[in-house]
Amino acid sequence: MTAPSLPMLMLEPLVRAALLEDLGRAGDITTDAVVPKQARAETALVARQPGVVAGLDLAALAFRLVESAIEIRIERSDGTRLQPGDRIATVEGPARGVLTAERVALNFLGHLSGVATATATLVEAVTGHKARICCTRKTMPGLRAVQKYAVRVGGGVNHRLGLDDAVLIKDNHVVAAGGVKPAVLAARNAIGHLVKIEVEVDTLQQLEEALAAGVDAVLLDNMDPPTLAEAVRMIDGRAVSEASGRITPATAPAIAASGVDLISAGWLTHSASVLDIGLDWRQ
């Protein structure tokens, strides 16, 4: 599978902001004091645990924004499965620039590789079923685009990117609108013809109401596998079915076996563990 990509125009503001946060008011005072200006570095980004790499464009950009003379040679591109000791890329150039950019580069690379690895773990858990693994809007502020990119790298698919590209009527919307039907009707009257409507339901009765209202998708929240299977039978292809709640590699297979189309997990982007990747210095 070819890894997805993001325009560099989207990435540069994120990396610049991270570097500015790190450099503060006086720059890298440690490196500037300790490392001779003419010193050069030969280093490598190396995996220290198994996983899926993601975020190399951001890591490379961090080095190049600090020092344009730094050369990065990618050996294992985004989406590649890693084993401990695998060399992901080599980084060569002025030592000061390499050391100054190191932490920002590794922060992006480790975090996004962790998201991709967590996604790949869930994707593998539901192998043999039609269900696709999906992320949510539970992302870190400012990092949504790249976190959702990492989900795609790991083999998952994206939910809506924000509040403006799809209607998702959740339980509090239903209460505020006075029920599922009035909420759906109000949404349909307010949106354009290309915008889809999804409703979150907690019970099969709510599901009946949502289907009668003609929604495009239903979010089946915190239902056990037998209830999910009954929900899929009721839907009978009339809407996209999405399961959420208590999704782990252990629970995902039974949830997928219910026949749902999607399984969404917020922890992929808000709680995935960082993948341990280091910058090894060649003596």
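Residues numbered from 1 in each chain as written. Predicted model: local features only at pLDDT ≥ 70, side-chain atom pairs only at ≥ 80, totals over all residues. Heavy atoms only, no water.

Peer 1: Requested: an account of the packing of helix H1 (residues 8–23) against helix H3 (residues 56–66), with residues and values cited.
Peer 2: Packing of H1 against H3 brings their axes to within 9 Å, and their N-to-C directions diverge by 60°. Taken together, H1 and H3 sit at an angle that is classed as oblique. In this structure, H1 meets H3 at a crossing whose hand is right-handed. Together, Met8, Leu11, Glu12, Val15, Arg16 and Leu19 of H1 and Asp57, Leu58, Leu61, Ala62, Leu65 and Val66 of H3 make up the contact between the two elements. Among the residues making up the contact of H1 with H3, the classes are represented as 9 nonpolar, no polar and 3 charged. (Axes fitted to C-alpha atoms, helices over the stretch in contact; angles between N-to-C directions. Helix = DSSP H or I, 4+ residues; strand = E, 2+ residues; numbered from the N terminus. Parallel < 35°, antiparallel > 145°, perpendicular 65-115°, else oblique. Left-handed = near helix turned anticlockwise from the far one by under 90°. Contact = heavy atoms within 4.5 Å. Nonpolar A, V, L, I, M, F, W, Y, C, P; charged D, E, K, R; others polar.)

Peer 1: Please set out the sheet that holds strand S7 (residues 167–169) residue by residue, giving values where relevant.
Peer 2: Overall, parallel pairing links the 6 strands, which are arranged S6-S11-S10-S9-S8-S7 in an open sheet. Of all strands in the sheet, those bounded by a partner on one side alone are strand S6 (132–134) and S7. Here the strands of the sheet are splayed against their neighbours by 25° on average, with no regard to which way each runs. When strand S9 (residues 217–221) meets strand S10 (residues 240–244), the two strands line up parallel, connected through 5 bridges. Note that in S10 the partner of Asp221 across the bridge is Ser244. Lying on the sheet, helix H7 (residues 180–190) is in contact with S7 and strand S8 (197–201); it crosses S8 at an angle near 160°. Lying over the sheet, helix H9 (residues 225–235) contacts S9 and S10, oriented at roughly 165° with respect to S9. (Pairing = 2+ DSSP bridges.)

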